[in-house]
Amino acid sequence: MSAERIEWVISSCKLLSQIGEEFDGTMPFEGLTIGTAIHLEPKTAALLLTLQRGGAHVVSTGNLNSTQPATVAYLRDRGIQVIGEPTADPVAHAEDLRGVLEARPQLILDNGGDLFTQYLLEPYEGLLGGTEETTSGRDRLAAVRDQLQLPVLVINDSPIKQFAENTHAVGQSVFESYMRLTNRSTQGKRVIVFGYGSCGRGVAANFRNAYAQVTVLEADPVQRLEACLDGFDVSDRADALAAADVIVTVTGAPGILLAADLPALRDGVILMNAGHFPHEIEAEAILAAGSVTTAGPGLETVTLADGRRIHVAGRGHMVNLSGPSPLGNSIESMDLGFALQSRCLEAIARGQADAASVVVPVPKAIDDAVAGAYLREVVGVG
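Residues numbered from 1 in each chain as written. Predicted model: local features only at pLDDT ≥ 70, side-chain atom pairs only at ≥ 80, totals over all residues. Heavy atoms only, no water.

A. Layout of the sheet that holds strand 10 (residues 270-273). Read from one edge of the open sheet, seven strands run 8-7-9-10-13-12-11, paired in mixed fashion. The sheet is open, and its two borders are formed by strand 8 (213-217) and strand 11 (291-296), each paired with just one other strand. Here the average twist between neighbouring strands, direction ignored, is 20 degrees. Bridge count between strand 7 (residues 190-194) and strand 8: five bridges; the pairing is parallel. Along strand 8, the bridge assignment pairs Val191 with Val214. (Pairing = 2+ DSSP bridges. Helix = DSSP H or I, 4+ residues; strand = E, 2+ residues; numbered from the N terminus. Axes fitted to C-alpha atoms, helices over the stretch in contact; angles between N-to-C directions.)

Below you can see the structure in the form of structure tokens.
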């Protein structure tokens, strides 16, 4: 990826551009260090450079298996301190997280709860609080709320993040990734979507809109009912697995599809994960069950003893940031989410969120301001 492509993405982030111009004058992060652990790709570069424009010293590392080298080089050339290199090794990733926290950031921008969890192992003075991007991270941090006792605003719990990024953008990018990785049709294909939260709804809808036969498997009875009333098949897990051509996990929970499920899967099934952590599909154990060949960048095939072939995308990592041209979610959706990030970190830096706001949703005033800005700056309506 070229610097010109990264700059095209950055220039397309209209909300962040507007916020950056404001931050040039207001400098809300002057004298502060912001530590981040987030997918390092062009859209996050736009976010980190916006925070830098607000006076922050930004120290960042990536997430597992999603760091793009060209983005790392671009950020380093512009004064962002990036710790580590692209890795899928949890041990190396943990070391990179410690490297970020060695800078003693006053604000943390987390994606999956990794930095805050590491902070609790080695706490230090001066942390003001921060943000968490994901459902997975929210769940991790909610369990240690009493230990944190700091304002942590959860971007994922904003209604804007729920519908704009999770439903519309994740659904679209997972479908696009399926097409990019496989070049196979969807018409008439039997697709299972595990999970019917805001992301699962989008994934299921996009495959159905492409004329797939979609089954939703959801443990929560209320969400399962919602999927049923939305017109999706919600039949038995065993029957669905036996018939599936494509399986997508998007629950945020571990152990959704295991090597123990292999006897139930049909020849040629494609397994993809769209959850934040690579623990929904037991990819390594599944690939270890037979002989492995590479079907293409980001797609491996394990041939079992009985001749059945199981295709695994991205070794169980986030499929929309795996393989060739890992574009992730749309620019506009991430611009919205990162505008929320910028405004939430600004609020914490200015003391507008206190320790009572431990792992809570984005304040409504920020949601309203970002929504209004998008309608004005992007849509062009008042």
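B. Region of the structure containing the layout of surface pockets. Taken as a whole, the largest pocket spans an internal volume of roughly 780 Å³. Thr135, Cys199, Val250, Ala274 and Gly275 are the residues nearest the centre of the largest pocket, which is lined by 44 residues in total. The set of elements that each furnish at least two residues to the lining of the largest pocket consists of helix 3 (42-53), helix 7 (135-142), helix 9 (159-182), helix 10 (198-209) and helix 14 (331-349). Looking at side-chain class alone, the lining of the largest pocket contains 15 nonpolar, 21 polar and eight charged residues. Roughly 200 Å³ of internal volume is contained in the second largest pocket. Looking at the second largest pocket, it is lined by 16 residues, and the ones nearest its centre are Lys43, Leu327, Gly328, Asn329 and Ser330. In terms of residue count, the dominant contributor to the lining of the second largest pocket is helix 9 (three residues). Residue classes in the lining of the second largest pocket are distributed as six nonpolar, six polar and four charged. (1 Å grid on protein atoms, 1.4 Å probe; cavity = no way out; pocket = protein on both sides within 12 Å on 5 of 7 lines; lining within 4 Å. Points joined across faces, edges and corners; volume = space filled by probe spheres on them. Nonpolar A, V, L, I, M, F, W, Y, C, P; charged D, E, K, R; others polar.)

C. Main features of the packing of aromatic side chains. Using the criterion set out here, one finds five aromatic pairs in the structure. Between the aromatic rings of Tyr119 and Tyr124, the centroid separation amounts to 5.3 Å while the plane-to-plane angle is 85 degrees, which identifies the pairing as edge-to-face. Tyr124 gets classed as buried once you look at its relative accessible area, which sits at 8%. Here the aromatic rings of Phe175 and Phe207 are separated by 5.5 Å at their centres, their planes lie at 85 degrees, and the arrangement is edge-to-face. Taken together, the residues span a long stretch of sequence, with Phe175 in helix 9 and Phe207 in helix 10 at a distance of 32 residues. With relative accessibility at 0%, the residue Phe207 sits in the buried group. Through a chain of ring-to-ring contacts, the aromatic side chains of Phe175, Tyr178 and Phe207 assemble into a single cluster. One Lys or Arg, Arg78, reaches over the ring of Tyr74 and ends 3.4 Å from the middle of that ring. A cation over an aromatic ring shows up here: Arg201 above the ring of Tyr196, its NZ or CZ 6.0 Å from the ring centre. (Phe/Tyr/Trp six-rings, centres within 6.5 Å; stacked < 30°, edge-to-face > 60°. Buried < 20%, exposed > 50% of the residue type's maximum accessible area, 1.4 Å probe, protein only. Lys NZ or Arg CZ within 6 Å of the ring centre and 35° of its normal.)

D. Spotlight on the nonpolar core. Phe29, Leu51, Leu75 and Val370 are the most contacted members of the largest nonpolar core, which has 48 residues in total. Elements that contribute at least two residues to this core include exactly helix 1 (3-12), helix 2 (14-26), helix 3, helix 4 (69-77), strand 4 (107-110), helix 9, helix 14 and helix 15 (364-379). Among the elements that make up this core, the one with the highest residue count is helix 14 (10 residues). Setting aside anything within four residues of it in sequence, one finds Leu75 in contact with Leu40, Ala45, Leu48, Leu49, Ile80 and Val82. (Core = buried A, V, L, I, M, F, W, Y, C linked by side-chain atoms within 4.5 Å. Contact = heavy atoms within 4.5 Å.)

E. Spatial organisation of the sheet that holds strand 5 (residues 129-132). The strand order across the open sheet formed by seven strands is 3-2-1-4-5-6-14, and the pairing between neighbours is parallel. Edge positions in the open sheet fall to strand 3 (81-82) and strand 14 (358-361), since each of these has one partner strand only. The sheet strands contacting helix 5 (residues 90-101) are strand 1 (33-37), strand 2 (57-61) and strand 4, and the helix crosses strand 2 at an angle near 170 degrees.

F. Looking closely at the pattern of salt bridges. Under the definition given, this model contains 22 salt bridges. Here Glu165 and Lys161 are joined by a salt bridge, their closest N and O atoms 3.9 Å apart. Taken together, the residues span about one helical turn, with Glu165 and Lys161 both in helix 9 at a distance of four residues. Considered together, Glu165 and Lys161 belong to a single accessibility category, that of buried residues. (Salt bridge = Lys/Arg side-chain N within 4 Å of Asp/Glu carboxyl O.)

G. The arrangement of unusual backbone geometry in detail. Within the chain, Arg104 stands out as a residue other than glycine whose phi angle is a positive 50 degrees. On the secondary structure map, Arg104 appears in the loop between helix 5 and strand 4. Classification of Arg104 by relative accessible area gives partly exposed; the value is 43%.

H. Quick peek at the side chain of Ser66. Relative to the assigned elements, Ser66 resides in the loop between strand 2 and helix 4. The class for Ser66 is buried, based on a relative accessible area of 4%. Within polar-contact distance, the side chain of Ser66 engages the side chain of His39 at 2.6 Å. For Ser66, the residues in contact, after removing those within four places along its chain, are His39, Leu40 and Leu321. (Polar contact = N/O pair within 3.5 Å; in protein donor to acceptor, adjacent residues only side chain to side chain.)

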